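An overview of the molecular structure
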Amino acid sequence: MRIFFITLLTVCLLTGCILAPYHVEVPQGNLVSKEMLAQLEPGMTPEQVKFIMGTPVLNTDITPDEWLYYYRNTVGGQATTEQTITLTFKNGLLSTINGESEFSEDDL
């Protein structure tokens, strides 16, 4: 009888681990809010943009006039949220802003 209860307890504990695994939330990149985007204006210098937005995820020597702000949140291996904001500079000044944000300052 004792072995039966130990076996039953072991099965119940193992079943609980299998049915409800813990999923780690993995946020990566720059989370950009609507308020941050609203502060950007064409004609701003890269220093002004960096003050508002922070350092971009991607800014290479190959495309120095294009800054990429990318954000992705993954829970349990599944992407739940993705956001891409691309800023383009011409003659050292901000010229275009591509992308939208669904986040507000309260989400940061």
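Reference entry: report on the structure contained in this document. Computed from a prediction, not measured in an experiment: that's the story for all the values here.

If you check the backbone angles, asparagine 91 has positive phi at about 55° while not being a glycine. Relative to the helices and strands, asparagine 91 is located in the loop between β3 (78-90) and β4 (93-98).

On to helix α3 (residues 46-53). Residues of α3 that are buried: Val49, Ile52 and Met53. One side of α3 holds all its buried residues, which, seen down the axis, span an arc of 80°. Seen from the buried face of α3, the exposed residues on the opposite side, beyond 90 degrees, are Glu47 and Phe51. Backbone geometry just downstream of α3 places glycine 54 in the positive-phi region, at approximately 90°.

Quick look at the nonpolar core now. Membership of the largest hydrophobic core comes to 14 residues, with the highest contact counts inside it found for Leu40, Val49, Met53, Tyr69 and Leu87. Within the residue set of this core, elements represented by two or more residues are α2 (34-39), α3, β2 (66-75) and β3.

Procedures and definitions
Residues numbered from 1 in each chain as written. Predicted model: local features only at pLDDT ≥ 70, side-chain atom pairs only at ≥ 80, totals over all residues. Heavy atoms only, no water. Helix = DSSP H or I, 4+ residues; strand = E, 2+ residues; numbered from the N terminus. Buried < 20%, exposed > 50% of the residue type's maximum accessible area, 1.4 Å probe, protein only. Arc of directions from axis to C-beta. Core = buried A, V, L, I, M, F, W, Y, C linked by side-chain atoms within 4.5 Å.

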